[in-house]
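Each chain, written out:
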Amino acid sequence: MQISKSKKLFEEDADKLINLAISVYKTDLNLANRYTEIAYNILVSHRIKFGYRKFLICKRCKHLLVPGSTANVEFKHKSIIYKCLNCNKVITISYEKRI
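Definitions and cut-offs
Residues numbered from 1 in each chain as written. Predicted model: local features only at pLDDT ≥ 70, side-chain atom pairs only at ≥ 80, totals over all residues. Heavy atoms only, no water. Pairing = 2+ DSSP bridges. Helix = DSSP H or I, 4+ residues; strand = E, 2+ residues; numbered from the N terminus. Axes fitted to C-alpha atoms, helices over the stretch in contact; angles between N-to-C directions. Expected span 1.5 Å × (residues − 1). Buried < 20%, exposed > 50% of the residue type's maximum accessible area, 1.4 Å probe, protein only. Contact = heavy atoms within 4.5 Å. Polar contact = N/O pair within 3.5 Å; in protein donor to acceptor, adjacent residues only side chain to side chain. Disulfide = S-S within 2.5 Å.

A. Structural view of the sheet that holds strand β3 (residues 90-94). Read across the open sheet, the 3 strands follow the order β1-β2-β3; overall the sheet is antiparallel. Only two strands of the sheet have a single partner each, and these edge strands are β1 (71-76) and β3. Strand-to-strand twist of the sheet, defined as the mean angle between neighbouring strand axes without regard to direction, takes the value 20°.

See below:
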């Protein structure tokens, strides 16, 4: 099944918003979080798969996850553990799932 043109456009918009959020987060964290919230809403409302984006957006608070500043990342027992520092949500992903 091919992705329609409109879904592709929405996916590109979400990618642009996430890239903007990554470039802005050091200067204005609130703006970066707003960009990621909008990108999350676009992806969910148009049923677009998250792909690599699931490691960049917290699913509980919809904030940007940047390792070292807004998220802690640990490597334990064949898994990667992300912890959002805003809402303390813990996401565990096995190495096999990530590859």
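Don't stop here, the text continues.
B. Here's a closer look at helix α1 (residues 5-24). Between its first and last C-alpha atoms α1 spans 29 Å; for 20 residues at 1.5 Å apiece the expected length is 28 Å, and the two agree. Residues of α1 that are buried: A14, D15, L17, I18, A21 and V24. On its buried face, α1 sits against α2 (29-45).

C. Broad picture of the side chain of T36. Along the chain, the position of T36 falls in helix α2. The buried category is assigned to T36, whose relative accessible area is 0%. There is a polar contact of 2.8 Å between the side chain of T36 and the backbone oxygen of N33. The residues touching T36, leaving out its near neighbours within four places in the chain, are A21, I57, K62, H63 and L64.

D. Quick peek at α2. Spanning 17 residues, α2 covers 24 Å between terminal C-alpha atoms, matching the ideal 24 Å at 1.5 Å per step. Every buried residue of α2 is accounted for by A32, N33, Y35, T36, A39, Y40, I42 and L43. Lining the buried residues of α2 we find α1. Of the residues trailing α2, R47 is marked for its positive phi of about 55°.

E. Representation of the state of the cysteines in the model. Enumeration over the complete set of coordinates arrives at 0 disulfides. C58 takes part in no disulfide bond, and the closest cysteine sulfur to it belongs to C87, at a distance of 3.5 Å. We classify C58 as buried; its relative accessible area is 0%.

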